[in-house]
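Each chain, written out:
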Amino acid sequence: MSDHKAPSAHLGQESQLREQIATLGKSLFDRGLTMGSSGNISVRLDDGGWLMTPTNACLGRLDPGSISRLDVNGDWQGGDKPTKEHFLHMAMYAERPRSGAIVHLHSTHSVAVSCLPGIDPCDCIPPLTAYYVMRVGKLPLVPYHIPGDPSLGDAVRGLAGQHSAVLLANHGPVVAGKNLEAAVYATEELEETAKLFLMLRGENPRALTPEQVAELEARFPRD
Ligand SMILES: [Zn+2]
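Residues numbered from 1 in each chain as written. Predicted model: local features only at pLDDT ≥ 70, side-chain atom pairs only at ≥ 80, totals over all residues. Heavy atoms only, no water.

A.B. asks: Can you break down the coordination of the zinc ion residue by residue, with the values?
C.D. replies: Taken together, the protein donors to the zinc ion comprise E85 (OE), E85 (OE), H104 (NE2), H106 (NE2) and H171 (NE2), at separations of 2.0 to 2.6 Å. Going along the chain, you hit the donors of the zinc ion in the pattern E-x18-H-x1-H-x64-H. Its relative accessible area of 0% is what places H104 among the buried residues. (Donors = N, O, S within 2.8 Å, 3.2 Å for Na, K, Ca; no water. Buried < 20%, exposed > 50% of the residue type's maximum accessible area, 1.4 Å probe, protein only.)

Listed below in structure tokens is the structure:
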């Protein structure tokens, strides 16, 4: 009985996650957080494989049944061909065994911050709000690499063990969460905080103190 139950539980989980990726992808697209065919989403499955949005797919019009499936080794197993940026996701998962989902967008305000001179490459955005600290934390800048270059994956991998989110210079954020909803919320929090940061440039805003940040980090671990 248990042998019969396990695969159907997996299939149920997979089809629900396919629907959730399409629903949240459309939500991100409809609110202008991603444009054209940019941005990609992945989710870790119980059997060790992954679902990932396909190459050249618009997040606003995903067909749940065509979402790519990768096996436990990260190799393409079914559905449409996965995003060309799949290696960004795999680099992040490799260092974050407890992360269940990853969102990567070219969201405008986050990209704007990634292009600014004088930002701290170890922490691009100051801790302006408690929710930013709780959902994103310290955001390091990954130096620019040409899109698709495997060296970009190596650079992300070098930071992902310590950070649930990284910002690719002149490109956009890569954000992990314990599940898809958490990864999407963190990406939204990052984009809105990037907007706040840009609004407050030159105003010398009062950020949270290191003690306030430490208290939040201790009380609300991310994943
Ligand atoms: Zn990208």
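A.B. asks: Explain the packing of helix 2 (residues 86–95) against helix 5 (residues 150–160) to me, and be specific about the residues and the numbers.
C.D. replies: Contact pair helix 2 / helix 5: the axes reach a minimum separation of 8 Å and the direction vectors enclose 25°. What the angle tells us is that helix 2 and helix 5 run roughly parallel. In the crossing of helix 2 with helix 5, the sense of the turn from one axis to the other is right-handed. Only P150, L152, G153, V156, R157 and A160 of helix 5 make contact with helix 2, whose side of the interface consists of F87, L88, A91, M92, A94 and E95. (Axes fitted to C-alpha atoms, helices over the stretch in contact; angles between N-to-C directions. Helix = DSSP H or I, 4+ residues; strand = E, 2+ residues; numbered from the N terminus. Parallel < 35°, antiparallel > 145°, perpendicular 65-115°, else oblique. Left-handed = near helix turned anticlockwise from the far one by under 90°. Contact = heavy atoms within 4.5 Å.)

A.B. asks: If you had to explain the pairing of strand 5 (residues 101–104) to someone new, which residues and values would you point to?
C.D. replies: Burial along strand 5 is two-sided: the face carrying A101 and V103 and the face carrying I102 and H104 are both buried. The sheet contact formed by strand 1 (residues 40–44) and strand 5 spans four bridges and is antiparallel. Residue pairing in the sheet places V43 in a bridge with A101 of strand 5. (Pairing = 2+ DSSP bridges.)

A.B. asks: Quick rundown of the layout of surface pockets? Include the residues and the values.
C.D. replies: Regions of empty space are outlined by a rolling probe, equal in size to a water molecule, passed over the atoms. Looking at the largest pocket, its volume works out to about 260 Å³. Residue composition of the lining of the largest pocket, by class: eight nonpolar, two polar and four charged. (1 Å grid on protein atoms, 1.4 Å probe; cavity = no way out; pocket = protein on both sides within 12 Å on 5 of 7 lines; lining within 4 Å. Points joined across faces, edges and corners; volume = space filled by probe spheres on them. Nonpolar A, V, L, I, M, F, W, Y, C, P; charged D, E, K, R; others polar.)

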